[in-house]
Amino acid sequence: MDGYELKRITLAMAILLLVWCSSPETCECRRVGRHQRHRQWQQNRAFAASLMKKKGKSHSYSHHHGGKPVMPPPPISSPPLPPLPPPPAAVTLPKQTPAAVVFNVMDFGAKGDGTTDDTKAFQDAWASACKVEASTVEVPAKYVFLVGPISFSGPYCQHNIVFQLDGTIIAPTSPGRWGSGILQWLEFTKLIGLTIRGSGTIDGTGNVWWQSAPFDDDPLDDQSKLIFPTNTTFLMGKMPSIKPTALRFYGSFNVTVTGITIRNSPQCHLKFDNCVGVTVYNFTVTSPGDSPNTDGIHLQNSKSVLIRSSNISCGDDCVSIQTGCTNVYIHNVNCGPGHGISIGGLGRYNTKACVSNITVRDVYMHNTMNGVRIKTWQGGSGSVQGIQFSNIQVSEVQLPIVIDQFYCDKVKCTNQTSAVALTGINFENIRGTYTVKPVHLACSDGTPCVDVTLRNIQLTPQPQKYHIVGHKQGFLKT
C-alpha cells in the first residue's frame, strides 16, 4: 500500500469519526423518547415566540449563519435612530376579537317618552343586530319605551347577541293593541347564545288586567282549599280571557338573563319553553301577592337550567317546573310573597309527564302559601324522580312541605285511579315557622309515593292568621 492510498484511508476514517462525534444530540433525542421531544418542541416554540416578540418590539434581529445564532454587534456611539412605527394590529394580534357592534334603539327612531309607540324601532334594531354575530341591541337608561307585542326571532340570526336593557319597557294598556288575545308580550325564539342583561325594567302594567279580570276563569290553587272554606267567594271581576306572559323564550340554546327586573306581568313574568342551557341570576320579579297566576319563572320542556341569586315576589309560584324538565338547579333565591317553588301540576287531562333531577337548596321563603311542593293531577301518568329540597328557611309560610297527587284547581274533580309516579323525593333541613300546617302529604292509593324522605325538619307554628279547615297546629321535628 503506497502512501497515497494510506492517506485516503486515514482521511475517510477521520471524516467518519467527525460525523459520529458531531451528532450526539440526535442520539440523545432518540433515547429520551416521545415526551421529552414534545417538551423540547414546546421549549423551542416558546423561545421562538419570545424571539418574535422581541422582534416586534425592538426590530433587532439575530442573523443566522450556518444554523447558529450570531450575537448582534455592539451599539455604536452615534445618536439613536427614531423608533419604527408599530406593526399593524392584524400582524401583532391576528386573532383579536372585534369590538361589539351596538344598535341603539334611539338610532332607529325610538322616542322613549312612554307614550309614543316604539315597537317598530325595536323591530328594526333587532333586524340589524340579527345579521351581526355578538352584536348588541341597546335600550338606554333614563328612557321609557312603549312597546307592543313583539317577537325577536331566529333561527337565521347570528349567535351570541346581547340585549342590553338599561331603560324601562312598558306594555300598552289599550285593549285594541292585544287583539283577541296574545299569549306573550316580548318573545325570543330559536336563538343561540342570547343574553339579556342590564339594570332596566320590563313593566307589564298588569294592574289594568287584574282590575277587570274574570277570576272564575283563572285556576284556583288547590292548596287554598286548606286555608279558605270552599264556599267562600273571595275573588271577583272580569278581564280578557287570554293574558300575556311578559318575557318568553322558546326553542333556544344557552340563554342568559341577568340584572333586569320584570314587574306586574299580566300573567307569568319569565317563561322558558323547549330551551337547553338556561342561566338566570341577579334577577328580580315584583308583583302583588294577590295578582292571579303571575308565576315568577316558569319552566317547561327545558333542560340544564340554573337559577340563582334572585328575588321573586309574585301572586303564584316563584318558580314553576312543568313537564319535560330535567337537570334544574335552583339556589340562593328569596321567594315571597307567592306560592313557593313547585313541581307541577303534572298529568292534567290524563297526559304523561316526566320531571327528573331537580335540586332546590339555600332558599328563603317569607309569607308564601306553600314552601316546596309537588302537585300532580289524578288520571295522569309518567314520573317525577330524583328531587332534592334542602336548606330551606321558611317564615310565616302556610304549608311548608306539600306532596299532592290529588291536585285540582276547581271546587271538585273526578276521582281517577292512575297517577304520575313519585320516587326519590328528599326534604332535608327545612326550618322556620308556619301558619296553617307544617306538612301535607296526599299520595295516591293506586300509585303511591315511593322513597320519600324527611330529614331534620324543624317547623314551629306562628300566631295563626288563617282559619284552617279540619287540621290542628303543632310543632314538627324530625
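For every chain, the first residue of the written sequence is number 1, and numbering continues from 1 onward in sequence order. Residues qualify for local features only when their pLDDT is at least 70, as the model is predicted, and side-chain atom pairs are given and counted only at 80 or more; totals for whole chains, interfaces and linings, by contrast, use all residues. By convention in this description, side-chain values take in all heavy atoms of the structure and omit both hydrogens and water.

### Some remarks on the overall build of the protein
Okay, so step 1: Looking only at helices and strands, the protein has five helices and 31 strands in total.
Okay, so step 2: Residue burial is assigned from relative accessible area. The probe radius is 1.4 Å, only protein chains are included, and a residue is buried under 20% of its type maximum, exposed over 50%, and partly exposed in between. The 478 residues of the protein split such that 43% are buried.
Okay, so step 3: For the protein, restricting intrachain contacts to residue pairs at least 6 apart in sequence, the fraction spanning at least 24 positions comes to 76%.
Okay, so step 4: The Shrake-Rupley method, run with a 1.4 Å probe sphere, supplies the accessible areas, and residue values consider only the shown protein chains as cover. As displayed, the protein has an accessible area near 25300 Å², and 56% of this comes from carbon and sulfur atoms. For the purposes of this entry, the term helix denotes a DSSP run of H or I that reaches at least four residues, the term strand denotes a run of E that reaches at least two, and both are numbered from the N terminus. Pairs of residues are marked as contacts when any of their non-hydrogen atoms sit within 4.5 Å.

### Let's talk about helix α4 (residues 119–129)
Okay, so step 1: Taken together, the buried positions of α4 are T119, A121, F122, A125, W126 and A129. Take α4 and look down its axis: the buried residues cluster within an arc of 165°, on one side only. The arc in question is the one spanned by the directions pointing from the helix axis to the C-beta atoms.

### Description of the sheet that holds strand β7 (residues 150–153)
Okay, so step 1: Read from one edge of the open sheet, 10 strands run β7-β10-β13-β16-β19-β21-β23-β25-β27-β29, paired in parallel fashion. Strand pairing shows two members of the sheet lacking a second neighbour, β7 and β29 (439–442), which therefore form its edges. Neighbour-to-neighbour, the strand axes of this sheet turn through a mean angle of 15°, independent of strand direction.
Okay, so step 2: For strand β23 (residues 341–346) and strand β25 (residues 370–377), the ladder comprises five bridges, and the chain directions are parallel. By the bridge assignment for β25, S342 is matched with R373.
Okay, so step 3: Interaxial angle, 0 to 180 degrees, is taken between N-to-C directions of lines fitted to C-alpha atoms, where a helix line uses only the stretch in contact. Packed on one face of the sheet, α4 meets β7 and β10 (184–189) and runs near 5° to β7. Strand pairing is assigned whenever DSSP detects at least two bridges linking the two strands.

### Side note on a nonpolar patch on the surface
Okay, so step 1: Distance thresholds for patches are 9 Å for like charges and 5 Å for nonpolar side chains (Val, Leu, Ile, Met, Phe, Trp, Tyr), applied to residues having over 30% relative accessible area and no salt bridge. Salt bridges are counted wherever a side-chain nitrogen of Lys or Arg sits within 4 Å of a carboxyl oxygen of Asp or Glu. Where nonpolar side chains cluster on the molecular surface, the patch consists of I192, F253 and V276 and spans about 230 Å² of accessible area.
Okay, so step 2: Relative to the helices and strands, V276 is located in strand β17 (residues 276–281).
Okay, so step 3: By relative accessible area, which is 34% here, V276 ends up partly exposed.

### Brief notes about the confidence of the model for the protein
Okay, so step 1: Every residue gets a pLDDT, meaning the predictor's confidence in that residue, from 0 to 100. Mean pLDDT over the protein stands at 81; residues scoring 70 or higher make up 70%.
Okay, so step 2: In this model, residues 214–218 is a region of pLDDT below 50 whose contacts with residues beyond four sequence positions or in other chains number 12 contacts.
Okay, so step 3: The low-confidence segment residues 228–239 (pLDDT under 50) makes 19 contacts with residues lying over four places distant or belonging to another chain.

### Quick look at the pairing of β7
Okay, so step 1: Side-chain alternation along β7 places I150 and F152 on a buried face and S151 and S153 on a face that remains uncovered.
Okay, so step 2: Here four bridges tie β7 to β10, and the two strands are oriented parallel to one another. Along β10, the bridge assignment pairs I150 with L186.

### Some thoughts on the environment of V452
Okay, so step 1: As for its position among the elements, V452 is in strand β30 (residues 450–461).
Okay, so step 2: Counting along the chain gives 29 residues from V452 to T423, while the straight-line C-alpha distance between them is 6.8 Å.
Okay, so step 3: Leaving out residues up to four positions away in the same chain, V452 has contacts with I403, I425 and F427.

### Considerations on the packing of aromatic side chains
Okay, so step 1: Within 6.5 Å between ring centres, the rings of Phe, Tyr and Trp (the latter by its six-membered ring) count as paired, and their orientation is classed by plane angle as stacked under 30 degrees, edge-to-face over 60, tilted in between. Considering all chains together, one arrives at 13 aromatic pairs under this definition.
Okay, so step 2: Ring centres of F163 and F188 lie 5.6 Å apart, and the angle between their planes is 80°; on these two criteria the pair is classed as edge-to-face. Of the two residues, F163 is situated in strand β8 (residues 162–165) and F188 in strand β10; the sequence distance between them amounts to 25 residues. F188 shares its class with F163; the two are buried.
Okay, so step 3: The structure contains a cluster of three or more aromatic residues connected by ring pairs, namely W126, F152, F163, F188, F249 and F272.

### Concerning the side chain of T189
Okay, so step 1: Relative to the helices and strands, T189 resides in strand β10.
Okay, so step 2: When residues no more than four places from it in sequence are discounted, the contact partners of T189 are S151, F152, S153, G154, Y250 and S252.

### Section: the state of the cysteines
Okay, so step 1: Pairs of cysteine sulfur atoms within 2.5 Å are what we label disulfides. With the rule as written, the count across this model stands at four disulfides.
Okay, so step 2: Through a disulfide, C130 is tied to C157; the S-S separation comes to 1.9 Å. Taking the sign of the torsion about the S-S bond as the criterion, the disulfide between C130 and C157, at about -110°, is left-handed. Taken together, the residues span a long stretch of sequence, with C130 in the loop between α4 and β5 (136–139) and C157 in the loop between β7 and β8 at a distance of 27 residues.
Okay, so step 3: By relative accessible area, C130 is classed as buried at 14%.

### Let's talk about the nonpolar core
Okay, so step 1: We define a nonpolar core as any set of buried Ala, Val, Leu, Ile, Met, Phe, Trp, Tyr and Cys residues linked to one another through side-chain atoms lying within 4.5 Å. Counting 88 residues, the largest nonpolar core has F249 and F272 as its most contacted members.
Okay, so step 2: When near neighbours in sequence (up to four residues on either side) are disregarded, F249 contacts F188, L194, I196, V255, V257, L270, K271, F272, D273 and C275.

### So, the pattern of salt bridges
Okay, so step 1: Applying the stated criterion across every chain, the model contains 11 salt bridges.
Okay, so step 2: Across the pair R177 and D117 runs a salt bridge whose closest N-O atoms are separated by 3.0 Å. Taken together, the residues R177 in the loop between β9 (168–170) and β10 and D117 in strand β4 (residues 113–117) connect sequence positions 60 residues apart.
Okay, so step 3: Classification of R177 by relative accessible area gives partly exposed; the value is 31%.
Okay, so step 4: Relative accessible area serves as the criterion here: at 41%, D117 is assigned to the partly exposed category.
Okay, so step 5: With its nearest N and O atoms 3.7 Å apart, the salt bridge here joins R348 to D409. Linking R348 in the loop between β23 and β24 (352–366) with D409 in the loop between β27 (399–407) and β28 (421–434), this pair joins segments that are 61 residues apart in sequence.
Okay, so step 6: Residue R348 is classed as partly exposed on the basis of its relative accessible area, which comes to 27%.

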